[in-house]
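Okay, here's what each chain looks like letter by letter:
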Amino acid sequence: MDFFAHFKIWVLTLILIFQSGYGFYLPGSYPHKYGIGDTLSVKVNSITSIETEIPFSYYSLPFCKPLEGVKDSAENLGEVLMGDRIENSPYKFKMHTNETDIFLCQTDPLSGDNFKLLKKRIDEMYQVNLILDNLPAIRYAKKESYFLRWTGYPVGIKVQDGYYVFNHLKFTVLVHKYEEANVARVMGTGDGSDLIPTVGSGGSELPGYMVVGFEVVPCSVMHNAQSVKNLKPYGQYPSSIKCDPTTVAMPIKENEPIVFTYEVTFEESDIKWPSRWDAYLKMEGSKVHWFSILNSLMVITFLAGIVLVIFLRTVRRDLTRYEELDKEAQAQMNEELSGWKLVVGDVFRAPTNAGLLCVMVGDGVQILGMAVVTVMFAALGFMSPASRGSLIIGMLLFYMILGIAAGYVAVRLWRTIGCGDKKGWVSVSWKVACFFPGISFLILTTLNFLLWGSHSTGAIPFSLFVVLIFMWFCISVPLTLVGGYFGAKAPHIEYPVRTNQIPREIPAQKYPSWLLVFGAGTLPFGTLFIELFFIMSSIWMGRVYYVFGFLLIVFILLVVVCAEVSLVLTYMHLCVEDWKWWWKSFFASGSVAIYIFLYSVNYLIFELKSLSGPVSEALYLGYSLLMALAIMFAMGSVGFLSSFWFVHYLFSSVKLD
């Protein structure tokens, strides 16, 4: 019976794999069927600019408003934290019904303030972001022999000394005929099952369509304000409108209104619903991207392999030579030779600021675990760009849950350093729960005040601040205390050698040891810097980043290289009789954060040349600093824990008095 049960499971799995050729549908993501003539409502998101990185509400500018009033869409926590403000718009279509020369509205005469604001937003190159059926509007432009693509369209353009607004939009909606059989086989269950007909339901039902593309061409058209005085919204404009994106004709002037119009064309497409995001995920220079990542992986793997082989051979030769000697020769060798064998009585001496080290290692384990789990889920497709804010929500959720691991590691390390003393474990757990979150909260609050002062939608509302504090103290802190409790109950790690009462003097070094420690971060940085460029471009240049599979590989390689670099540095310090390895092992791999922050500054100077204003630069540097600190904690904990294991293993492998 067990054989047949397993056989059925394998058959079902194979069927699902073959059916996934029609598309892989994740929970909560299903196609919406529209009948001919059904209403399609366009939504608007915050207007954004790569010059300021400060989002603003769409209706902060003098645009047309819906007749039923402006209403916020239901937004999740991640969307709000990312600065998204999705609202309804006056743009409405009828499925598979082409419409031209549709009058939308005529604004009130531009006041002095609105006129100045509109000119300022045009100068700052703000983009309008529209959404239809969860698809952002995409704009194509031909440059020489290839097409460029952007999401959204500019508010307007400056030509010589004149400012022109894009007041006519030419929409193209790509639709795919509803494939009943295929969708029914894949989507037979779930919340959307009532929308999906079963196979063989007959052909009596009218054909339905799914939205698989949403394109926009913005035009600046001169309208006659007098001819639309008596027109109602969605009425027919009195004359034919010619949309030519290569010319501009609608200048903005103070005390004059702006007339907005649009047209929409529906085109049937071969693009299937599961593939409709492909146009957004095709990044420019993708061949360079793949080649650079592969090249980086090969080079760093080769270097890491060489370091590992040399390192293992060196340590094993020392151990083999030592174990082959008899007792008298060993005693003589201990007296004559220098190196790591002479620091046996000091190698496990408690470091300065041991409590802070335990807290930072615990926080680092929490951040590392959050990053690995989040990237793994993203690589599996559970955090696609179609689910806005899911990446931020996933990071917060995993970070809070992994508070258990942070508390456990920090308290157990604290007890190990204290030779089994449980005293103070509650204090250590509290510090772990508040140290890195407290730093993050301080940085984000400072940046939030800057956004509040700019009236940006990127500012976190006060109510959300209360929610975040509630999550911190009512979920994250208790879970960290639970982890600390288990860490206090777990047996501490026994040292293989005793520690002398009087510390051994460290010989004078030719070069400062900390210089070598901070220089060690260059090798881990080499594994990351190419991928870092694409991540930075995604965050600050408005591009979609979705190669999480490569990111996972690079991240794993980064962890391996950080561990190896820290091991080598620790061994080198022990060989020159420097037994103060605890903090140096942490910063040997954690120093990669210094180079990441310096790279961020370099990116600001050479790639984000157009970034304007002290507020924008403060936001960029603040977020870059927070990212660098998180990487320092995570990679520092990797380096320290690997070095601790190595030192424990090294002095357990040879008998020394």
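About the thresholds
Residues numbered from 1 in each chain as written. Predicted model: local features only at pLDDT ≥ 70, side-chain atom pairs only at ≥ 80, totals over all residues. Heavy atoms only, no water. Helix = DSSP H or I, 4+ residues; strand = E, 2+ residues; numbered from the N terminus. Buried < 20%, exposed > 50% of the residue type's maximum accessible area, 1.4 Å probe, protein only. Contact = heavy atoms within 4.5 Å. Areas by Shrake-Rupley, 256 points an atom, 1.4 Å probe, with all protein chains shown as cover. Pairing = 2+ DSSP bridges. pLDDT = per-residue confidence, 0-100. Disulfide = S-S within 2.5 Å. Salt bridge = Lys/Arg side-chain N within 4 Å of Asp/Glu carboxyl O. Axes fitted to C-alpha atoms, helices over the stretch in contact; angles between N-to-C directions. Parallel < 35°, antiparallel > 145°, perpendicular 65-115°, else oblique. Left-handed = near helix turned anticlockwise from the far one by under 90°. Nonpolar A, V, L, I, M, F, W, Y, C, P; charged D, E, K, R; others polar. Core = buried A, V, L, I, M, F, W, Y, C linked by side-chain atoms within 4.5 Å. Expected span 1.5 Å × (residues − 1). Arc of directions from axis to C-beta.

A separate point is the overall build of the protein. For the protein, the count of helices and strands is 18 helices and 15 strands. Going through the 657 residues of the protein one by one, you find that 48% of them count as buried. Partitioning the contacts of the protein with sequence separation of at least 6, the portion at a separation of at least 24 is 83%. When the accessible area of the protein is evaluated, it comes to approximately 33,100 Å², of which 63% is carbon and sulfur surface.

On to the pairing of strand β14 (residues 208–219), then. When you tally the buried positions in β14, you get ten out of twelve residues, the bulk of the element. Summarising the sheet, strand β13 (residues 168–177) and β14 pair through ten bridges and their orientation is antiparallel. Looking across to β14, one finds that histidine 176 is bridged to methionine 210.

Moving on: the side chain of threonine 480. Following the sequence through the fold, threonine 480 ends up in helix α12 (residues 462–489). Overall, the relative accessible area of 0% leaves threonine 480 in the buried class. Residue contacts for threonine 480: discarding those within four places in its chain leaves Gly403, Ile404, Gly407, Ser429, Val432 and Ala433.

This part covers the side chain of histidine 573. Counting through the fold element by element, histidine 573 comes out in helix α15 (residues 548–575). Dropping the residues within four chain positions of it, histidine 573 is found in contact with Ser513, Val517, Asp578 and Lys584.

Let's shift gears to the confidence of the model for the protein. In this model, the protein carries an average pLDDT of 82, and 82% of its residues clear a pLDDT of 70 or more. Within the model, pLDDT remains below 50 along residues 1–28, and this stretch shows 17 contacts once partners closer than five positions in the same chain are excluded. Across residues 181–204 the pLDDT falls below 50, and counting only partners more than four positions away or on other chains, this stretch makes 27 contacts in the model.

What follows concerns the sheet that holds strand β2 (residues 39–44). What the four strands build is an open sheet, ordered β3-β2-β6-β7; its pairing is antiparallel. With one partner strand each, in any of the chains shown, β3 (87–94) and β7 (135–136) form the two edges of the open sheet. Here β2 pairs with strand β6 (residues 130–132) via two bridges, running antiparallel. In the sheet register, lysine 43 faces β6, and the bridge partner there is isoleucine 131.

The next point concerns the state of the cysteines. Inspection of every chain in the model, using the stated rule, returns two disulfides. Through a disulfide, cysteine 64 is tied to cysteine 105; the S-S separation comes to 1.8 Å. Between cysteine 64 and cysteine 105 the sulfur-sulfur dihedral comes to about -85°; the bridge is accordingly left-handed. Placement of the pair is cysteine 64 in the loop between β2 and α2 (77–81) and cysteine 105 in strand β4 (residues 99–106), with a sequence separation of 41 residues. The exposure class of cysteine 64 is buried, given its relative accessible area of 4%.

Turning next to the environment of leucine 532. Mapped onto the elements, leucine 532 comes out in helix α14 (residues 522–540). Taking C-alpha positions, leucine 532 is 9.0 Å from tyrosine 599, a pair spaced 67 residues apart along the chain. Sequence-distant contacts of leucine 532, that is, excluding residues within four places in its chain, are made with Phe525, Ile596 and Tyr599.

So, about the pattern of salt bridges. Counted under the stated rule, the structure contains five salt bridges. A salt bridge links arginine 349 to aspartate 346; its shortest N-O distance comes to 2.7 Å. Since its relative accessible area comes to 15%, arginine 349 is described here as buried. With a relative accessible area of 2%, aspartate 346 lands in the buried category. In this structure, lysine 584 and aspartate 578 form a salt bridge, with 2.5 Å as the shortest nitrogen-oxygen distance. Aspartate 578 carries the same exposure label as lysine 584, and that label is buried.

As a further point, take helix α16 (residues 582–590). Here α16 lies mainly inside the structure; nine of its nine residues are buried. If you check which residues of α16 are buried, you get Trp582, Trp583, Lys584, Ser585, Phe586, Phe587, Ala588, Ser589 and Gly590.

Between two packed helices, what matters for the description is the angle formed by their axes and the separation of those axes. Helix α18 (residues 614–652) packs onto α15 with a crossing angle of 50° between their chain directions and a minimal axis gap of 8 Å. One finds that α15 runs oblique with respect to α18. Remark: the crossing between α15 and α18 carries right-handed chirality. Contacts between α15 and α18 involve Phe555, Leu558, Val559, Cys562, Ala563, Ser566, Leu567, Thr570, Tyr571 and Leu574 from the first element and Met635, Val638, Gly639, Phe640, Ser642, Ser643, Phe646, Val647 and Phe651 from the second. Across the contact of α15 with α18, the residue classes break down as 14 nonpolar, five polar and no charged.

Of all hydrophobic cores here, the largest spans 142 residues; its most connected members are Phe93, Leu130, Phe171, Phe214 and Phe651. The biggest single contributor to this core is α18, with 18 residues. What phenylalanine 93 contacts, discounting residues up to four positions off in sequence, is Asp38, Thr39, Leu40, Val42, Glu99, Leu132, Phe171, Val173, Phe214, Tyr262, Val264 and Phe266. With eight residues, the next largest nonpolar core counts Cys219, Val228, Tyr237 and Ile241 among its residues.

What follows concerns helix α3 (residues 112–123). Taking 1.5 Å as the rise per residue, α3 with twelve residues should run 16 Å; its terminal C-alpha atoms sit 17 Å apart, in good agreement. Residues of α3 that are buried include every one of Phe115, Leu118, Arg121 and Ile122, and no others. Looking straight down α3, one finds that the buried residues subtend no more than 130° of arc, so they occupy a single side. Exposed side chains of α3 directed beyond 90 degrees from the buried face belong to Asp113 and Lys116. Considering only its buried residues, α3 is in contact with β11 (156–159) and β12 (162–165). Methionine 125 sits one or two residues past α3 and shows a positive phi near 60°.

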